[in-house]
Amino acid sequence: MLAANESGHITLSTANTVFSTSKLGARLMNAIERYFGINGDNTTIKTEILAGITTFLTMAYIIFVNPNVLAEAGMDKGAVFVATCLAAAIGCFIMGLYARLPVALAPGMGLNAFFTYGVVLGMGYAWETALGAVFLSGCLFILLSLFKIREWIINAIPNALKQGIVAGIGAFLAFIALQSSGIIVGQDATLVTLGDMKSFSPMMAALGFFLIIGLVYKKIPGAVTIGILIITVISLLAGQTQFTGIISAPPSIAPTFMQLDIAGAFDITMISVIFAFLFVDLFDTAGSLVGITSKAGLIDKNGNIPNMGKALLADSTATVAGSMLGTSSTTSYIESASGVASGGRTGLMAVTVGVLFLLSIFFAPLAGMIPVYATAGAIFYVSVLMLFTLKDINWEDLTEAAPVAVVLLLTPLTYSIADGIALGFITFTAAKFMTGRFSEITIPVWILTIVLLAKIVFL
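First, a word on what this report is: a plain description of the structure on this page. Note that this is a predicted model, so its numbers are computed, not measured.

1. Overview of the overall build of the chain
Then, number 1: Of the regular secondary structure elements, the chain holds 20 helices and four strands.
Then, number 2: For the chain, whose C-alpha radius of gyration is 24 Å, the value lies close to the compact-globule estimate of 23 Å for 459 residues.
Then, number 3: Across its three principal directions, the C-alpha atoms of the chain cover 95 × 60 × 45 Å.
Then, number 4: A total of 459 residues make up the chain; the buried ones form 53% of that total.
Then, number 5: In the chain, the share of contacts with a sequence separation of at least 24, taken over all contacts with a separation of at least 6, comes to 79%.
Then, number 6: Per element, the accessible surface of the chain, about 20000 Å² overall, is 69% carbon and sulfur.

Structure (structure tokens):
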């Protein structure tokens, strides 16, 4: 049979083929709608995909920032770039297809800084050992999720400490951004002082931060990523950065793939490090899930998040996979709320973000051109967002305010999230004990305080 006659008219055979193809497409669309429950969530496939694109634009900065941060730990920047994209994609696919929630994942800010500046540069461990600690924290996270211990831990930790830890990490990120851009520099008498603000790096970091503020205020999608790219273009035009291309085949992931040292992470001195990775990831994920699903109207009348266990498994599994690929802990991103605000309500939104992260691996040359000062402004902006939690602290209650202040100040000043958390717990317990408010010290807090105090005194 011919597809067309001599006059060029389509024959019945071709029409049947087109009709069959359209039927196949319709069946596929119906299958997608049924799987994700799209019709029941007052949304459409188009809306979900657009919401995924919006979410990706708001969090795409991580593919530029994460390689820069982990490269300072001695890791291959190209390999980390690929690992970042793959870990994010894996997390998004598991979250979207398994938990079916509109939540995107990627290597977390704060956790990557702790990895580099706290564990590797601060404590002197090899990055391979730090990856081993990330792997073990992910495995513990999986166990907590499977045995449903996570709720007990989350509920047992005082809210003030939860908020204080977030703010402390924000202050730590701010310190790192200011230091890496040269806005603050070392000084013998006072330890730190203001750098030369006439230099190119500090000026560009400050400009990047101001640009992001303006773009975010105007609600421009992808504001952080746009700010990073604008500073990179200025750097190129000023001759401070060499143009190496935009698109290419992905760089090799071999320098970081399966390079984690799990045996080295079993060292007793790494207990607090593993705990810090686990603790920060656990609360970061729980907080993000509550915020995103609340905005999406997915929480039931009893305050329960649908598929919460599956969502936490998606997060912890992505962390384990990321450590094998060569990146720090993967976590749920609060930026997913931008996609929810655009109408995203199902896991298809997360799957869309995952596909875009996969496509990003072909933009390695662009990521390689991003200078440190271009990402410094973005890191400082993220730190500002994390400091917002301070508004929820009861500053009238000294036993609540003191532990928060300790975490907020000592996390950056000790250059360690682990030490900041430890000192915060010890302060909370001491403050409640000294004021006779024993009932407010839960058993988990007592246990953690004793363990962390012993670590500081004896290790």
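2. Some thoughts on the pattern of salt bridges
Then, number 1: Counted according to the given criterion, the structure contains six salt bridges.
Then, number 2: The salt bridge partner of Arg437 is Asp397, with a shortest N-O separation of 2.8 Å. Residue Arg437 is found in the loop between helix H19 (417-434) and helix H20 (443-458), and its partner Asp397 is found in the loop between helix H17 (372-386) and helix H18 (398-413); the two are separated by 40 residues along the sequence.
Then, number 3: Classification of Asp397 by relative accessible area gives buried; the value is 13%.
Then, number 4: The closest approach of N and O atoms between Lys432 and Glu400, which form a salt bridge, is 2.9 Å. Taken together, the positions of Lys432 in helix H19 and Glu400 in helix H18 put the pair 32 residues apart, joining distant regions of the chain.
Then, number 5: Taking the relative accessible area as the measure of exposure, Lys432 reaches 0% and is therefore buried.
Then, number 6: Note on Glu400: relative accessible area 17%, which makes it buried.
Then, number 7: A network of salt bridges, in which partner residues are shared, links Asp397, Glu400, Lys432, Arg437 and Glu440.

3. Details of empty space enclosed by the protein
Then, number 1: Applying the stated criterion across every chain yields a total of one cavity of 30 Å³ or more.
Then, number 2: There is about 60 Å³ of room inside the largest cavity.
Then, number 3: Looking at the largest cavity, the residues that line it are Asn68, Val69, Glu72, Tyr117, Ile176, Ser180, Val372, Thr375 and Ile379.
Then, number 4: Only helix H3 (62-71), helix H8 (159-181) and H17 provide two or more residues apiece to the lining of the largest cavity.
Then, number 5: Element by element, the count of residues in the lining of the largest cavity is highest for H17, at three residues.

4. Comments concerning the packing of H3 against helix H5 (residues 111-120)
Then, number 1: The N-to-C vectors of H3 and H5 enclose an angle of 15°; their axes lie 9 Å apart at closest approach. Between H3 and H5, the angle falls in the class roughly parallel. In this structure, the crossing between H3 and H5 has a hand that is left-handed. In this structure, H3 contributes Ile62, Asn66, Val69 and Leu70 to the contact, and H5 contributes Asn112, Ala113, Phe115, Thr116 and Tyr117.

5. Digging into the packing of aromatic side chains
Then, number 1: The final tally for this structure, using the stated rule, is 13 aromatic pairs.
Then, number 2: With a centroid separation of 5.7 Å and an interplanar angle of 80°, the aromatic rings of Phe175 and Tyr415 are classed as edge-to-face. Remark: Tyr415 occurs in the loop between H18 and H19 and Phe175 occurs in helix H8; sequence separation between them is 240 residues.
Then, number 3: Judged by relative accessible area, Phe175 falls into the buried class, the value being 18%.
Then, number 4: Geometry around Tyr35 places Arg100 over its ring, the cationic atom sitting 3.8 Å from the centre.
Then, number 5: The ring of Tyr98 has Lys310 lying over it, and the distance from NZ or CZ to the ring centre is 5.1 Å.

6. Quick look at the nonpolar core
Then, number 1: Core analysis: the largest hydrophobic core is formed by 120 residues, its most contacted members being Met95, Met109, Phe115, Ile228, Phe277, Phe357 and Phe425.
Then, number 2: Counting residues per element, this core draws most heavily on helix H12 (residues 271-296), which supplies 13 residues.
Then, number 3: Ignoring any residue separated from it by four or fewer positions in sequence, one finds Phe357 in contact with Phe56, Met59, Ile62, Ile63, Cys85, Ala88, Ala89, Cys92, Leu105 and Ala106.
Then, number 4: With seven residues, the next largest nonpolar core counts Ala167, Ala171, Ile393 and Leu408 among its residues.

7. Here's the deal with the layout of surface pockets
If a probe as big as a water molecule is rolled over the atoms, it shows which places are left empty.
Then, number 1: Of the voids in this model, the second largest pocket is the one considered here, and its volume is about 470 Å³.
Then, number 2: In this structure, the second largest pocket is lined by 21 residues; those nearest its centre are Phe275, Leu278, Ile447, Leu448 and Val451.
Then, number 3: Mapped onto the lining of the second largest pocket, the elements with two or more residues apiece are helix H6 (127-146), helix H7 (150-156), H12 and H20.
Then, number 4: It is H12 that provides the largest number of residues to the lining of the second largest pocket, a total of seven residues.
Then, number 5: Tallied by class, residues from the lining of the second largest pocket come to 19 nonpolar, one polar and one charged.

Calculation criteria
Residues numbered from 1 in each chain as written. Predicted model: local features only at pLDDT ≥ 70, side-chain atom pairs only at ≥ 80, totals over all residues. Heavy atoms only, no water. Helix = DSSP H or I, 4+ residues; strand = E, 2+ residues; numbered from the N terminus. Rg over C-alpha atoms; globule rule 2.2 N^0.38 Å. Buried < 20%, exposed > 50% of the residue type's maximum accessible area, 1.4 Å probe, protein only. Contact = heavy atoms within 4.5 Å. Areas by Shrake-Rupley, 256 points an atom, 1.4 Å probe, with all protein chains shown as cover. Salt bridge = Lys/Arg side-chain N within 4 Å of Asp/Glu carboxyl O. 1 Å grid on protein atoms, 1.4 Å probe; cavity = no way out; pocket = protein on both sides within 12 Å on 5 of 7 lines; lining within 4 Å. Points joined across faces, edges and corners; volume = space filled by probe spheres on them. Axes fitted to C-alpha atoms, helices over the stretch in contact; angles between N-to-C directions. Parallel < 35°, antiparallel > 145°, perpendicular 65-115°, else oblique. Left-handed = near helix turned anticlockwise from the far one by under 90°. Phe/Tyr/Trp six-rings, centres within 6.5 Å; stacked < 30°, edge-to-face > 60°. Lys NZ or Arg CZ within 6 Å of the ring centre and 35° of its normal. Core = buried A, V, L, I, M, F, W, Y, C linked by side-chain atoms within 4.5 Å. Nonpolar A, V, L, I, M, F, W, Y, C, P; charged D, E, K, R; others polar.

These results come straight from atomic positions and should not be treated as a statement about function.
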